Each structure stands twice: as structure tokens, then as C-alpha cells.
Amino acid sequence: MLKRLSFRRSEYCLTRILNLSTTRETVREKLARDDALGLTVGLKPTEDTTTIIKNKGSKKTIPKPEWLKANVPSGENYEKLRDTVRSLKLATVCEEARCPNIGECWGGKKGTATATIMIMGDTCTRGCSFCNVKTSRNPAPLDPNEPENVSKAIIEWGLDYVVLTSVDRDELEDQGANHFAKTVSLLKEKNSKLIVECLTPDFRGVKELIKIVAISGLDVYAHNIETVERLQRRVRDYRAGYQQSIDVLIEAKKAKPSLLTKTSIMLGLGETNDEIKQTLIDLRNANVDIITFGQYLRPSRRHISVQKYITPDEFNYWKDEADKLGFKYVASGPLVRSSYRAGELFIHKMLTTNSN
């Protein structure tokens, strides 16, 4: 009996060794094929790669490259703003989303530090396949005191530039437009020199609601197109759309021509270079002023998978392309997010313009 068990154990171990050896060879062959196709190594910006997006929940993963490692946040200004945020109980996207750029944005020079404050709750009525925000058809009601409380806290914080953003609130009659506008107007009442950027939902394209926010006193109207036209339905909620997002930015500029309009594109979802170029052309035709490019990073295996990690050189290429098309400000890099160093970029460009 013992001899039989020993034989079976030896047979099992031999099978495992053979299987592991076969698996290693299979992996090596697959990596070689993937490299040839440019799936794991960034191609030159002048070349295209067409990849297939996997459904949410796909187990496909690509190891993160070295350039996606962020520095640990530190510095006197960063620590001061962090302590102030916590003492005032502000909800910032910077901390809640674990943004890799928090050290750069909060650690900016005096007058250029930026933070993104989330209003209207933490639960969204939409379910985009890239986003990790909680979803519900009927989120908790809005807090009527939030505009006053948030404006007081931000003024006490002492920023010169603030970004307000929110979840989608499709269940509300005005989708939260008046809540946004009230928060902005109170901020401007308390400090007219404060630069306010609003990263808004699409308000389902309703012009009247877009106008309410656009004329509330803000300086930068931001709304993210997120990805190229072909991938919209796979990446975003069915109620969002490519042309609808462009129309939001057009309507905001119509409502207040002096507004700067801004959008952001995630790369690495399977888009082609031609599609990115066409998106840039469409945005410039809509007179969009500011654009940011960043790498899509998958929040969990429940979300849409990363198709490619874009190299820093490719991000530099897209910055150059956007500059050539006439965008006023461009931020492009693997760790760049929509509000990346917004105050610093805005003020630097404004000073440069005034000196010419």
C-alpha cells in the first residue's frame, strides 16, 4: 500500500513538473507574440495597433511598467493641505480615488496648489465600465447646506484654484445643475479672485442645465469625453455619448464665450492613433481650449481591462499633436488626470500670456 501511494505521489509530481514546463513555454511564446503585436510594449506613435476590448470581469492583465510608479507624497505644503482637508472634513477626489499626483498637486507652490472637491454625494446614477464610484438608481438626497459648508471650508483652506466635481444625478429634475451653480456663486462671493473649475456631468445634453452652471461664475468648464467615438458604448454608460459630450462643451462656451472649456481622454483602451487624431480635431472644431491625456488604470477585475500601457514618449507625441492643433493648454503623461496640477498650469500660462 505504501509503495502504491509513493508511486502515485511521484507520478503526480512528475505530471506537475511537465505541466509547469509546458506552461512556461506557452507563456514565453505568448509574450513573444504579444511583443510582436505591440500589446505589452508601446509602439511608435506613428504606428497603429488594433486590439479587442475585453468585457468587464475579464481576467486578462498586463504587468504595469516602471514608468507608472508614483513618488510618495511629501512636503510642507502637501502636509499642511492634507491636515486642513481632514480637519474641515472635505471630500476630495484626490484622496478618495488615491490619485497618484496628489503630492504634485497639493505640494505646488503658494497660489498654485490644486484640489478636487466632490459634491452631491458619493453615489452615481450611472455605471461606466472604467469607474469605481458606487452606483444606485436612487442615491441619498442632496444636502441643502452643502454649498454653504463647502464654500466656507474651501475659503478657509486658502487655495487660489479649486476644482468642483460630482457624480451624475439623473434622478433629479435639474440633475444637480442648481446645486453646482449655488456652490460656485458662494465661492465667488467669498473670494472673487478664486479660480473655479467645474468638472461636470453631461446633464443629458439639456442646454438649459448646462447654461445654469456655465453662467454661475466659474472660470473653467470641464467635461470629459473619456475615449474615442468607437469605444464610447463599451467604456461609458449608455446615457453618455461622444457627440453629446462635445455638445456640452459647445453649449458652455455659447452661454459664456469667455469661459475656458476643458476635456480629458484616457488612453490604453484599444483606441487607434487615427481615432485619437480625429478626436482632437473634433474637439478643436468645438473650440475646446484645454485637453489632458492619461493612462487608463483598471480599478478592479470587474472593470474593463487595459489593452495597452502607453509609453511616456507616446504621451509626449500626443502633447505635440494637440499643441499643433491650437489647444491653449495640454497636459499629457501616464499619471496625468483631468485636474492634474490645474492651478499651476493655468497660472503659468496666464502669466506667460500677459507678459507677451
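All of these numbers come straight from a predicted model, not from anything done at the bench.

Enquirer: Quick rundown of the side chain of Asp168? Include the residues and the values.
Expert: Within the element layout of this structure, Asp168 appears in the loop between β4 (161-166) and α6 (177-190). With sequence-adjacent residues up to four places away left out, Asp168 is seen in contact with Thr123, Cys124, Thr125, Arg126, Pro201 and Asp202.

Enquirer: Tell me about the packing of aromatic side chains, residues and numbers included.
Expert: Scanning all chains against the criterion turns up 1 aromatic pair. Their ring planes at 75° and their centres at 4.9 Å tell us that Tyr317 and Trp318 sit as a pair that is edge-to-face. Like Tyr317, the residue Trp318 is buried in the burial classification. Residue placement shows Arg284 over the ring face of Phe327; its charged tip is 5.4 Å from the ring centre.

Enquirer: Can you explain the packing of α6 against helix α7 (residues 207-214)? Please cite residues and give values.
Expert: Running from amino to carboxyl end, α6 crosses α7 at an angle of 10°, the nearest separation of the two axes being 8 Å. Compared by their axis directions, α6 and α7 come out roughly parallel. Note on element contacts: α7 touches α6 through Leu209, Ile212 and Val213, opposite Ala177, Asn178, Phe180 and Ala181. Taken together, the residues that form the contact of α6 with α7 break down as 6 nonpolar, 1 polar and no charged.

Enquirer: Explain the confidence of the model for the chain residue by residue, including any values.
Expert: Taken as a whole, the chain shows an average pLDDT of 78; of its residues, 65% reach a score of 70 or greater. Throughout residues 2-44 the model reports pLDDT below 50, and contacts reaching past four residues in sequence, or to other chains, amount to 23 contacts. Of the regions scoring below 50 in pLDDT, residues 46-54 engages in 26 contacts with residues more than four places distant in sequence or in other chains.

Enquirer: For the pattern of salt bridges, give the residues involved together with the corresponding values.
Expert: Scanning all chains against the criterion turns up 20 salt bridges. For Asp170, the salt bridge is made with Arg126, and the minimal N-O distance between the two is 2.9 Å. With a gap of 44 residues between them, Asp170 in the loop between β4 and α6 and Arg126 in the loop between β2 (123-124) and β3 (134-135) connect regions that are remote in the sequence. We note that Asp170, like Arg126, is buried. In this structure, Arg239 engages Asp237 in a salt bridge whose closest nitrogen and oxygen atoms are separated by 2.9 Å. The exposure class assigned to Arg239 is partly exposed, which follows from its relative accessible area of 25%.

What counts as what
Residues numbered from 1 in each chain as written. Predicted model: local features only at pLDDT ≥ 70, side-chain atom pairs only at ≥ 80, totals over all residues. Heavy atoms only, no water. Helix = DSSP H or I, 4+ residues; strand = E, 2+ residues; numbered from the N terminus. Contact = heavy atoms within 4.5 Å. Phe/Tyr/Trp six-rings, centres within 6.5 Å; stacked < 30°, edge-to-face > 60°. Buried < 20%, exposed > 50% of the residue type's maximum accessible area, 1.4 Å probe, protein only. Lys NZ or Arg CZ within 6 Å of the ring centre and 35° of its normal. Axes fitted to C-alpha atoms, helices over the stretch in contact; angles between N-to-C directions. Parallel < 35°, antiparallel > 145°, perpendicular 65-115°, else oblique. Nonpolar A, V, L, I, M, F, W, Y, C, P; charged D, E, K, R; others polar. pLDDT = per-residue confidence, 0-100. Salt bridge = Lys/Arg side-chain N within 4 Å of Asp/Glu carboxyl O.

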